[in-house]
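# Fold and geometry: a report
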Amino acid sequence: MSTGNIIIASEKLKLFEIVESWSEYAGYSKEWQDKFWQDLLLHKDVYDEFIYYVEKNDFLCKCSVNGQFITDIFIWEMRKFNIKTDRGRNYEDCDKAEMILNAFRTMLDMKENSERVINAMENKNGADKL
């Protein structure tokens, strides 16, 4: 076995632990977490975006779905949060971990059905649930 495989396995284990931790913190079920992880592994481009965010606390913005980058989706998640809380801006009590997970979940959903997600983003200002 080459050391390259060990590094990759170690990276995935650490990333899984982060997904598990953030999901629990956000109050998501084990089923939600497992589906997120499985979908993340299926889409290497989104996986790379996610691992970059975890490592750098910043967005890579290399992957897009129908012209939407992770920053676009994250901003939409922030707007949804503002609508939900009826505020004009995000305060310290907003759950950025949840918004990050939701942004990546939305990007993964866009890989499956981008038309529905894009429609919600462009036409409904984030008020509808996905």
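Residues numbered from 1 in each chain as written. Predicted model: local features only at pLDDT ≥ 70, side-chain atom pairs only at ≥ 80, totals over all residues. Heavy atoms only, no water.

## What to know about the nonpolar core
Core analysis: the largest hydrophobic core is formed by 30 residues, its most contacted members being Phe 36, Leu 40, Phe 50 and Phe 104. Secondary structure elements with two or more residues in this core: α1 (3-26), α2 (30-42), α3 (44-56), α4 (70-85) and α5 (96-123). Counting residues per element, this core draws most heavily on α5, which supplies twelve residues. In this view, Phe 50 contacts Leu 15, Val 19, Trp 22, Phe 36, Leu 40, Ile 100, Leu 101 and Phe 104; residues no more than four positions away in its chain are not counted. (Core = buried A, V, L, I, M, F, W, Y, C linked by side-chain atoms within 4.5 Å. Buried < 20%, exposed > 50% of the residue type's maximum accessible area, 1.4 Å probe, protein only. Helix = DSSP H or I, 4+ residues; strand = E, 2+ residues; numbered from the N terminus. Contact = heavy atoms within 4.5 Å.)

## Details of α3
In this model, α3 (13 residues) spans 18 Å end to end at C-alpha, consistent with the 18 Å of a helix rising 1.5 Å per residue. Inspection of α3 places Val 46, Tyr 47, Glu 49, Phe 50, Ile 51 and Tyr 53 among the buried residues, and these make up the whole buried set. One or two positions beyond α3, positive phi appears at Asn 57, with a value near 55 degrees. (Expected span 1.5 Å × (residues − 1).)

## Things to note about the confidence of the model for the protein
Per-residue confidence for the protein gives a mean pLDDT of 82; residues scoring 70 or more make up 75%. Considering each helix and strand of the protein separately, the mean pLDDT is smallest for α4, with a value of 79, and largest for α2, with 97. Contacts from residues 87-91, a stretch scored under 50 in pLDDT, to residues over four places away or in other chains number nine contacts. Ignoring residues within four places in sequence, the model shows residues 126-130, a span with pLDDT below 50, making nine contacts including any to other chains. (pLDDT = per-residue confidence, 0-100.)

## Considerations on the environment of Glu 77
Along the polypeptide, Glu 77 turns up in helix α4. Remark: the alpha-carbon pair of Glu 77 and Leu 101, spanning 24 residues in sequence, is separated by 9.8 Å. Excluding anything up to four places from it in sequence, Glu 77 contacts Met 99, Asn 102, Ala 103 and Thr 106. Engagement of the side chain of Glu 77 in a polar contact is seen with the side chain of Thr 106, the distance being 3.1 Å. (Polar contact = N/O pair within 3.5 Å; in protein donor to acceptor, adjacent residues only side chain to side chain.)

## Observations concerning the side chain of Asn 102
Within the element layout of this structure, Asn 102 appears in helix α5. The exposure class assigned to Asn 102 is buried, which follows from its relative accessible area of 17%. Excluding residues within four positions of it along the chain, Asn 102 makes contact with Tyr 28, Trp 32 and Glu 77.

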